[in-house]
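Here's the letter readout for the chains.
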Amino acid sequence: MIKEKLQYISQGNTKEEQELNIHRALDAGVKWVQVRWKNAPGKELFELCEKSKLQCTEYGAICIINDHIHLAELVDADGVHLGLDDDTITQARQILGPEKIIGGTANTLEDVLQRIDESCDYIGLGPLRYTPTKEKLSPVLGFEGYQQLIRDLEKRSVKIPAIYAIGGVRLEDVELLQKIGIHGVAVSGQITGRPSVVNEFIKSFK
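Residues numbered from 1 in each chain as written. Predicted model: local features only at pLDDT ≥ 70, side-chain atom pairs only at ≥ 80, totals over all residues. Heavy atoms only, no water.

Q: Tell me about the packing of helix H5 (residues 109-117) against helix H6 (residues 142-155), residues and numbers included.
A: Remark: H5 packs on H6, axes separated minimally by 10 Å, with the N-to-C direction vectors making an angle of 50 degrees. Put simply, H5 runs oblique to H6. Here H5 runs over H6; the crossing is right-handed. Two secondary-structure elements touch here, H5 through Leu109, Val112, Leu113 and Ile116 and H6 through Leu149, Asp152 and Leu153. (Axes fitted to C-alpha atoms, helices over the stretch in contact; angles between N-to-C directions. Helix = DSSP H or I, 4+ residues; strand = E, 2+ residues; numbered from the N terminus. Parallel < 35°, antiparallel > 145°, perpendicular 65-115°, else oblique. Left-handed = near helix turned anticlockwise from the far one by under 90°. Contact = heavy atoms within 4.5 Å.)

Now the structure itself:
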């Protein structure tokens, strides 16, 4: 089970914005960064990932790359996060090896069971609510959706994996999500907009 319970998903429309936001998040105390920059120019994305990995190492933080397995390998990132339409967890494991962190997105019970079968290290389950940071948003789960999914896993006597709530997660959601059985949260907009909230997020985990 991954120790860190807060993951920052990077934001920014340019390499400079991305770098600044990641640096601010690390300065504020983030210990796990997912570098996510959709539709980025290849060379700039590589440069961002390379710099982010170096910065995360300097700050003692985990650095994973969204979508791009080979890029994660090239910069020796700590792992990769894969969407449902990306390459498979199996491919990532073959390329990156057993020690790297491999996370996978899920939206339904079937997705979660698939991710468990694939032996990914954590599951990003969501969205909790509407979020403008995702272009193709899956159906919103809400708290009831998370609760039902945890119940369904318990009924099947499935060991509950490290599930992270994603999609519009706010500071005030953490307590209820933990009561439901969610391990951690992945946050983007709240930390980008106010990096000082990082400490409050960390304190909110029991």
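Having seen it, we continue.
Q: Please give an account of the pairing of strand E3 (residues 62-66) that cites residues and values.
A: Along E3, five of the five residues are buried, which leaves the element largely enclosed by surrounding structure. The side-chain alternation of E3 yields two buried faces, one formed by Ile62, Ile64 and Asn66 and the other by Cys63 and Ile65. With four bridges connecting them, strand E2 (residues 32-35) and E3 associate as parallel partners. Residue pairing for E3: Gln34 is matched across the bridge by Ile64. (Buried < 20%, exposed > 50% of the residue type's maximum accessible area, 1.4 Å probe, protein only. Pairing = 2+ DSSP bridges.)

Q: Can you tell me about helix H1 (residues 15-27), naming the residues and giving the values?
A: Between its first and last C-alpha atoms H1 spans 18 Å; for 13 residues at 1.5 Å apiece the expected length is 18 Å, and the two agree. The complete set of buried residues in H1 reads Lys15, Gln18, Glu19, Asn21, Ile22, Ala25 and Leu26. Relative to the axis of H1, the buried residues are bounded by an arc of 170 degrees and lie together on one face. Across from the buried face of H1, at angles greater than 90 degrees, the exposed residues are Glu16 and Asp27. In this structure, the buried residues of H1 make contact with strand E1 (6-9), E2, helix H2 (42-59), helix H8 (189-193) and helix H9 (197-204). One or two positions beyond H1, positive phi appears at Gly29, with a value near 115 degrees. (Expected span 1.5 Å × (residues − 1). Arc of directions from axis to C-beta.)

Q: Can you break down unusual backbone geometry residue by residue, with the values?
A: A cis amide bond links Gly126 to the next residue, Pro127, at an omega of 10 degrees. The backbone phi angle of Asn39 is positive, close to 60 degrees, even though this residue is not glycine. You can see Asn39 is positioned in the loop between E2 and H2. Of note, the phi angle at Ser157 is positive, near 55 degrees, even though the residue is not glycine. Looking at the element boundaries, Ser157 is found in the loop between H6 and strand E7 (163-165).

Q: Could you give an account of H6, naming the residues involved and the relevant values?
A: Here H6 contains 14 residues, and its C-alpha end-to-end distance of 20 Å stays within 8% of the 20 Å for a straight helix at 1.5 Å per residue. Those residues of H6 lying buried are Gly142, Gly145, Tyr146, Leu149, Ile150 and Leu153. The arc that holds every buried residue of H6, seen down its axis, measures 145 degrees, which confines them to one face. In H6, those exposed residues whose orientation departs by more than 90 degrees from the buried face are Glu144, Glu154 and Lys155.

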